[in-house]
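Take a look at the letters that make up each chain.
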Amino acid sequence: MNFSFEIFPPKTDKGFEKLCSDGGVLDQLNELNPAYISVTYGAGGTGIGRNMAVLKKIAESKRSLPVTHYTCINNSVEGVREEFNTFLENGISHVLALRGDIPRGQPDTGGAFQHSSELVRFLKNEYGSRIHIAVAGLPEGHIESSDFHKDIRFLKMKQDEGAERIITQLCWDMEQFKRWYDTIRHEGITMPVDIGVMPVLDPAVTIRMALSNNGCAIPADLARIISRHWLRPHVFNPEEDQETMELRLRDFRDEGMAYTIRQCREYKKLGPAGIHLYVLNKADVARKILREV
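These remarks concern the structure in this document. (Residues numbered from 1 in each chain as written. Predicted model: local features only at pLDDT ≥ 70, side-chain atom pairs only at ≥ 80, totals over all residues. Heavy atoms only, no water.)

**Some words on the overall build of the chain**
Phase 1 of the analysis: If you tally the helices and strands in the chain, you get 11 helices and 8 strands.
Phase 2 of the analysis: A compact globule built from 293 residues would reach a C-alpha radius of gyration of about 19 Å, and the chain, at 19 Å, matches this within 12%.
Phase 3 of the analysis: If one aligns the C-alpha atoms of the chain with their principal axes, the spans along those axes are about 60 × 45 × 40 Å.
Phase 4 of the analysis: Residues classed as buried in the chain amount to 48% of the 293 residues present.
Phase 5 of the analysis: In the chain, once contacts between residues fewer than 6 apart in sequence are set aside, the share between residues at least 24 apart is 78%.
Phase 6 of the analysis: As presented, the chain carries roughly 14300 Å² of accessible surface, and 50% of it is formed by carbon and sulfur atoms. (Helix = DSSP H or I, 4+ residues; strand = E, 2+ residues; numbered from the N terminus. Rg over C-alpha atoms; globule rule 2.2 N^0.38 Å. Buried < 20%, exposed > 50% of the residue type's maximum accessible area, 1.4 Å probe, protein only. Contact = heavy atoms within 4.5 Å. Areas by Shrake-Rupley, 256 points an atom, 1.4 Å probe, with all protein chains shown as cover.)

**So, the state of the cysteines**
Phase 1 of the analysis: A complete count under the given rule lists 0 disulfides for this structure.
Phase 2 of the analysis: Cysteine cysteine 216 is unpaired, with the sulfur of cysteine 171 as its nearest cysteine sulfur at 6.3 Å.
Phase 3 of the analysis: Overall, cysteine 216 belongs to the buried group, its relative accessible area being 6%. (Disulfide = S-S within 2.5 Å.)

**Focus on the nonpolar core**
Buried together is how nonpolar side chains tend to be arranged in soluble globular proteins.
Phase 1 of the analysis: Counting 62 residues, the largest nonpolar core has Ile7 and Trp180 as the members making the most contacts within it.
Phase 2 of the analysis: Isoleucine 7 has contacts with Leu19, Leu26, Leu29, Ile37, Ser38, Val39, Thr40, Val54, Ile58, Val279 and Asn281, leaving out every residue within four places of it along the chain.
Phase 3 of the analysis: The next biggest cluster of nonpolar side chains, apart from the first, holds 13 residues, and it includes Val200, Ala210, Ile226 and Tyr278. (Core = buried A, V, L, I, M, F, W, Y, C linked by side-chain atoms within 4.5 Å.)

**Re the pattern of salt bridges**
Phase 1 of the analysis: A complete count under the given rule lists 12 salt bridges for this structure.
Phase 2 of the analysis: For aspartate 160, the salt bridge goes to lysine 156, with nearest N and O atoms at 3.0 Å. Linking aspartate 160 with lysine 156, this pair stays in helix α6 (residues 148-161), spanning 4 residues, or about one helical turn.
Phase 3 of the analysis: One connected set of salt bridges, linked through shared partners, spans Glu78, Arg81 and Glu126. (Salt bridge = Lys/Arg side-chain N within 4 Å of Asp/Glu carboxyl O.)

**Things to note about the packing of helix α10 (residues 242-269) against helix α11 (residues 283-292)**
Helix-helix packing: each pair is described by the crossing angle between the helix axes and the interaxial distance.
Phase 1 of the analysis: Where α10 meets α11, the closest approach of the two axes is 10 Å, and the angle between their N-to-C directions is 50°. Of the possible angle classes, the one that applies to α10 and α11 is oblique. As for how α10 packs across α11, the hand of that crossing is right-handed. Between α10 and α11, the residues in contact are Met257, Thr260, Ile261, Cys264 and Arg265 and Val285, Lys288, Ile289 and Glu292, respectively.
Phase 2 of the analysis: Considering only residue class, the contact of α10 with α11 consists of 5 nonpolar, 1 polar and 3 charged. (Axes fitted to C-alpha atoms, helices over the stretch in contact; angles between N-to-C directions. Parallel < 35°, antiparallel > 145°, perpendicular 65-115°, else oblique. Left-handed = near helix turned anticlockwise from the far one by under 90°. Nonpolar A, V, L, I, M, F, W, Y, C, P; charged D, E, K, R; others polar.)

**Let's talk about the packing of aromatic side chains**
For any pair of aromatic rings, the description consists of the separation of the ring centres together with the inter-plane angle of the planes.
Phase 1 of the analysis: Tallied over the full model, the rule gives 9 aromatic pairs.
Phase 2 of the analysis: Ring geometry for tyrosine 70 against phenylalanine 87: centres 6.2 Å apart, planes inclined by 85°, an arrangement best described as edge-to-face. One end of the pair, tyrosine 70, is in strand β3 (residues 65-71); the other, phenylalanine 87, is in helix α4 (residues 77-89), with 17 residues separating them in the sequence. In this structure, tyrosine 70 and phenylalanine 87 share a single accessibility class: buried. (Phe/Tyr/Trp six-rings, centres within 6.5 Å; stacked < 30°, edge-to-face > 60°.)

**Some words on α10**
Phase 1 of the analysis: Here α10 spans 41 Å end to end across 28 residues, near enough to the 40 Å set by a 1.5 Å rise per residue.
Phase 2 of the analysis: Burial in α10 covers these residues: Met245, Arg248, Leu249, Phe252, Gly256, Met257, Tyr259, Thr260, Ile261, Gln263, Cys264 and Tyr267.
Phase 3 of the analysis: Just beyond α10, the residue with positive phi is glycine 271, at close to 75°. (Expected span 1.5 Å × (residues − 1).)

Here it is in structure tokens:
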């Protein structure tokens, strides 16, 4: 089983320097020998310039494989062709093909492709074996879908169009993940699966990622960790001082990391191809999880 990491392109020059400078976060992640490092593309394709800059830095290091996220949002056929020609020219041949989140107030993707399966088909027809395509797996179903089995049929369609790997969305509900994993295999989906894991580091981020972004369940044991360390404001002590709040956040992170490590160990038992850690540009988080798992 391999480990890989997801990072994001920093919005500021200071953040970019911290990530990409000699001895920076990227170098520290490469020391952990990941199978690949994926780089997010930004909402609506924003930040594509920094996405490319980070990918080039990974490619130039020759220490791990760069994988770009890519969405259908606001992307024309010619725009997709131009960007992928540039990717290939810079040694970037692996992509996580996504529909992307439709911007608020916009009726559809605003581009040539309305579904990631269409993007997969185009890339395979256009580039053949020059491009290697991963797609998203959704153990709890797409937030816009009410049909679990329909979601899996769409995933099978992406495999039939030429996708080669699955990187799953975060899922803290282990029983639901097992149900999804068993079902995709039963339905003839044979692609290797890398399980996406979001480290539990901040209660607000955990809640937002679960509920507003993905419609994921928060299991009782994780809910209890959040409740024990509830922050800003504390219902029963609204005048709590900043130092105390920082101590409770530290305690939350300690419990959250322990929870994440337990989860990775459970996932490891299922025998997936790998675990894909959303490390939030924090090399110390990746290092601790790999050491323990």
